[in-house]
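For reference, the chains in residue letters:
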Amino acid sequence: MKKIIVITILLALAGMIFAANAVAMLSASKGKVDLSREAKQVKFKTGELLRNNDELRTGGESFAAYKYIDGSSTIKVFSNSLVKIAANKSGKTLSKKVTVNKGSVLTSVKPKTGSLVVQTPTTVASVKGTEFLTKITDTDQSMFIVTEGEVELKILDQPESKSVPKGKTAIVEEDGTFEIRNSTRDDLSAVEQA
């Protein structure tokens with residue numbers, strides 16, 4: 001009987017340690033979605049706790065969504081995307097980072113809930129309460145389509161930042177050149193529009 005109690009306590013402690021390392025929770029997935037942790041594939045299901053530096057990869061006709069554990073942000077990962085999840089505790093809030101290496105993600109952030117940045121190969125977008133789509137095009141452009149609020153863009157290797165308000169799209173080329181223009185329906189695929 002003592003063995004069973006000790007094993008139960010050890011399992012509960014192991015679960016608490018695992019949960020303490022969690023930074024997000026997988027809230028939805030459909031189609032081919034792979035989760036990698038420390039360069040190894042992990043079997044998962046909806047409700048899986050995601051750790052710092054986990055990677056999500058979606059195949060064609062697939063998607064995934066996750067929420068940071070502080071309830072501040074929801075990230076929707078569309079088809080053919082590769083995203084790295086990261087967060088660190090900063091006082092009572094999480095400092096969150098989404099690295100988009102391929103594809104597109106929709107980021108929804110509640111105001112006054114800690115910092116969140118979305119990084120592409122060319123740009124870092126900082127937000128504090130907004131909704132926007134980040135997209136890496138087939139020609140390696142980074143696109144930021146702002147649907148709510150405002151996004152502050154910092155192009156890597158350049159000193160200044162640019163502000164992109166609701167209704168605007170910023171396009172950043174591989175060499176750091178950029179343009180900000182009015183958003184159009186053509187900026188989004190049919191799935192992203194839905």
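Structure: see above.
Below is a short write-up of the structure. If you're wondering where the values come from, they're calculated on a predicted model, not measured in any experiment.

Conventions we followed
For every chain, the first residue of its written sequence is number 1, and the numbers climb from 1 along that sequence. Local features in this predicted model are restricted to residues whose pLDDT is 70 or higher, and side-chain atom pairs enter the listing and the counts only when it is 80 or higher, whereas totals over whole chains, interfaces and linings include all residues. Only heavy atoms go into the side-chain values, all of them from the structure, while hydrogens and water stay out. Here, any two strands with at least 2 DSSP bridges between them count as paired. We count a stretch as a helix when DSSP gives it H or I for four or more residues in a row; a strand needs E for two or more, and each element gets its number in order from the N terminus. As a rule, the C-alpha atoms of each element are fitted with a line to give its axis, helices using only the stretch in contact, and angles between N-to-C directions run from 0 to 180 degrees. Here, nonpolar core refers to any group of buried Ala, Val, Leu, Ile, Met, Phe, Trp, Tyr and Cys residues whose side-chain atoms link them within 4.5 Å. Any residue under 20% of the maximum accessible area for its type is buried, any over 50% is exposed, and the rest in between are partly exposed; the area is computed with a 1.4 Å probe on protein chains only. Residues count as neighbours in contact if any of their non-hydrogen atoms are within 4.5 Å of one another. By definition, a salt bridge exists where a carboxyl oxygen of Asp or Glu is found within 4 Å of a side-chain nitrogen of Lys or Arg.

**Topic: the sheet that holds strand E6 (residues 63-68)**
Move 1: In space, the nine strands of this open sheet follow the order E4-E1-E6-E7-E10-E13-E14-E17-E18, with antiparallel pairing throughout. Lying at the two open borders of the sheet, with one neighbouring strand each, are strand E4 (49-51) and strand E18 (178-182). Taking each pair of neighbouring strands and ignoring which way they run, the sheet shows an average axis angle of 25 degrees.
Move 2: Strand direction decides the pairing type here: E6 and strand E7 (residues 73-77), joined by four bridges, are antiparallel.

**Quick look at the nonpolar core**
Soluble globular proteins tend to pack their nonpolar side chains together in the buried interior.
Move 1: Among the nonpolar cores identified, the biggest contains 35 residues, and Leu56, Tyr66, Tyr68, Ile75, Ile85, Val98 and Phe132 are the most heavily contacted of them.
Move 2: Other than its neighbours up to four places away in sequence, valine 98 contacts Tyr66, Tyr68, Ile75, Val83, Lys84, Val117, Val118 and Gln119.
Move 3: Grouped together as the second largest cluster of nonpolar side chains are six residues, Leu106, Leu133, Met143 and Ile171 included.

**Observations regarding the pattern of salt bridges**
Move 1: Taken as a whole and assessed by the stated rule, the structure comprises four salt bridges.
Move 2: Across the pair glutamate 148 and lysine 166 runs a salt bridge whose closest N-O atoms are separated by 3.7 Å. Highlighted residues: glutamate 148 in strand E14 (residues 142-148) and lysine 166 in the loop between strand E16 (161-165) and strand E17 (168-172), separated in sequence by 18 residues.
Move 3: Here glutamate 148 falls in the partly exposed class, since its relative accessible area comes to 39%.
Move 4: The exposure class of lysine 166 is exposed, given its relative accessible area of 52%.

**Let's talk about the sheet that holds strand E3 (residues 40-42)**
Move 1: Taking strand neighbours across the sheet as the criterion, the nine strands line up as E3-E2-E5-E8-E9-E11-E12-E15-E16 in an open arrangement whose pairing is mixed. Looking at which strands have only one partner, the edges of the open sheet turn out to be E3 and E16. Neighbour to neighbour, the strand axes of the sheet diverge by 25 degrees on average, direction disregarded.
Move 2: Across five bridges, the pairing between strand E15 (residues 150-155) and E16 is antiparallel. The residue of E16 that forms the bridge with glutamate 150 is proline 165.

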